[in-house]
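The primary structure of each chain is shown beneath.
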Amino acid sequence: MAPQETSDGVTSKCVPDDDDYNNKQYLFIVRHGDRWDYSNPEWKELESSRTGDSPLSALGHQQAQEVGVYLDEWMDERGMGAEDLTAWMSSPFLRCVQTSDDALNSFQRINVDKVPILPEYSIFEWDDGHDGAWHNDLPSLEERKHYFPRLDLNYECLFVPEIPEPRSEFYNRCDDVVKSFHERHQYQPGKVLVMVSHAAGCIALSKAFTQLEATDITPAGPCSIFGFSRTSNTEVWTIDKHTDREGHNGFTGHLSEIGTTTLPWNNFGGGDRKVYTGPPNSRFAPTSDKEEITAVAEVPISEDDNNDMT
């Protein structure tokens, strides 16, 4: 694949960057794409809206397709096929299922028609003091299956988190995800696993899989990619440094447009408002107090009631 310049000035390339990829097992954690409710806040006022379960915007669908194109080329350049994509797990929230479906449907080099979407409840949205209101908007998987036939209703997820879930328990939940993941998925060289989750999940899971700090993890933009690898059955995976713009630590070089409403997020700071906890020198780090509040909100600052959605 020829290098391609993207909107943020990062060169996107899928060519192998080392000679050891046949001995590595890979895990990609992807945030969902741009949200419809952030781009169209009036949608939340409709009586028929499941406000906790926003779909993707048009840009979000485009971003999800670009994830699929990128991963398709990345795998193909390494001689991988559909049989090497051992699991594609997704949060059951609509924006994540749509991201997964669009991405898989955008594979062209590798035939992934038979690859299912595995509904993984353990990586669904954090509750963050909403008393389960967001999660109550989720329909049954049987209903989802009507519109997303890739969903595998026979899949047994790692576990179902207890909701309501105190904010203080979210890191512990992600630690439990990693423990359960390793019990189920042993080291297999040359194999790929994918998780599609939410911003908070991308950061906390990246932290748990690598045993790094939040300050080592690039804020999770829409459809950003976090890539991990290991060469043995270790429970500690490696990730590129956040200073590597071409590395898979919150990578966005595959996107033609990142958008302006679903913002990059790494805001686990305590107190009444969640403050930025990502790398101080990240390209997505806030440069002012006002920008920090906006980054936390991911919506216009005036919409206080939505200032913690991811």
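So, here is what we can say about the structure in this document. Worth saying up front: this structure is predicted, and the values here are computed from it rather than measured.

## Observations regarding the packing of helix α6 (residues 170-184) against helix α7 (residues 199-210)
- At a closest axis distance of 9 Å, the pairing of α6 and α7 adopts a crossing angle of 60°. If you check the angle between α6 and α7, you find them oblique. In the crossing of α6 with α7, the sense of the turn from one axis to the other is right-handed. On α7, the residues touching Phe170, Tyr171, Cys174, Asp175, Val177, Val178, Phe181 and His182 of α6 are Ala200, Gly201, Ala204, Leu205, Lys207, Ala208 and Phe209.
- When grouped by side-chain class, the residues that make up the contact of α6 with α7 number 11 nonpolar, two polar and two charged.

## Digging into unusual backbone geometry
- Following Ile163, the chain continues to Pro164 via a peptide bond in cis, the omega torsion being 5°.
- Position of Pro164 among the secondary structure elements: in the loop between α5 (141-147) and α6.
- A positive phi angle, near 50°, is found at Asp128, a position not held by glycine.
- One non-glycine residue, Asp131, lies in positive phi territory at about 55°.
- With respect to the element layout, Asp131 can be found in the loop between β5 (118-119) and α4 (133-136).

## Here we look at the pairing of strand β6 (residues 192-197)
- Counting buried positions along β6 yields six of six residues, so the element is predominantly enclosed.
- Pairing of strand β3 (residues 25-31) with β6, which is carried by six bridges, proceeds in the parallel orientation. For Leu27, the partnering residue across the bridge sits in β6 and is Leu193.
- Across five bridges, the pairing between strand β4 (residues 85-90) and β6 is parallel. Within the sheet, the bridge partner assigned to Ala87 lies in β6 and is Leu193.

## Observations concerning the packing of aromatic side chains
- In total, this model carries 16 aromatic pairs according to the counting rule given.
- When the centroid spacing of 5.7 Å and the interplanar angle of 80° are considered together, the rings of Trp126 and Trp265 count as edge-to-face. Taken as a pair, Trp126 in the loop between β5 and α4 and Trp265 in the loop between β9 (249-251) and α8 (289-297) lie far apart in primary sequence, 139 residues in all. With respect to class, Trp126 is no different from Trp265; both count as buried.
- An angle of 90° between the planes, with centres 5.2 Å apart, marks the rings of Phe181 and Phe209 as edge-to-face. Of this pair, Phe181 sits in helix α6 while Phe209 sits in helix α7, and the two are 28 residues apart along the sequence.

## Overview of the pairing of β3
- Burial analysis of β3 places seven of its seven residues in the buried class, the great majority of the element.
- Covered by surrounding structure in β3 are Gln25, Leu27, Ile29 and Arg31 together with Tyr26, Phe28 and Val30, the residues of both alternating faces.
- Across six bridges, β3 lies against strand β7 (residues 225-230) in antiparallel orientation. What sits directly across from Ile29, in β7, is Phe226.

## A look at the pattern of salt bridges
- Throughout the structure, instances matching the rule amount to 11 salt bridges.
- The residue Asp37 makes a salt bridge to Lys44 at a minimum N-O spacing of 3.7 Å.
- Note on Asp37: relative accessible area 2%, which makes it buried.
- When its relative accessible area of 17% is taken as the criterion, Lys44 is described as buried.
- Asp76 is the partner of Arg109 in a salt bridge, and the nearest nitrogen-oxygen pair spans 3.0 Å. Residue Arg109 is found in the loop between α3 (94-105) and β5, and its partner Asp76 is found in helix α2 (residues 58-77); the two are separated by 33 residues along the sequence.

Rules used throughout
Residues numbered from 1 in each chain as written. Predicted model: local features only at pLDDT ≥ 70, side-chain atom pairs only at ≥ 80, totals over all residues. Heavy atoms only, no water. Axes fitted to C-alpha atoms, helices over the stretch in contact; angles between N-to-C directions. Helix = DSSP H or I, 4+ residues; strand = E, 2+ residues; numbered from the N terminus. Parallel < 35°, antiparallel > 145°, perpendicular 65-115°, else oblique. Left-handed = near helix turned anticlockwise from the far one by under 90°. Contact = heavy atoms within 4.5 Å. Nonpolar A, V, L, I, M, F, W, Y, C, P; charged D, E, K, R; others polar. Buried < 20%, exposed > 50% of the residue type's maximum accessible area, 1.4 Å probe, protein only. Pairing = 2+ DSSP bridges. Phe/Tyr/Trp six-rings, centres within 6.5 Å; stacked < 30°, edge-to-face > 60°. Salt bridge = Lys/Arg side-chain N within 4 Å of Asp/Glu carboxyl O.

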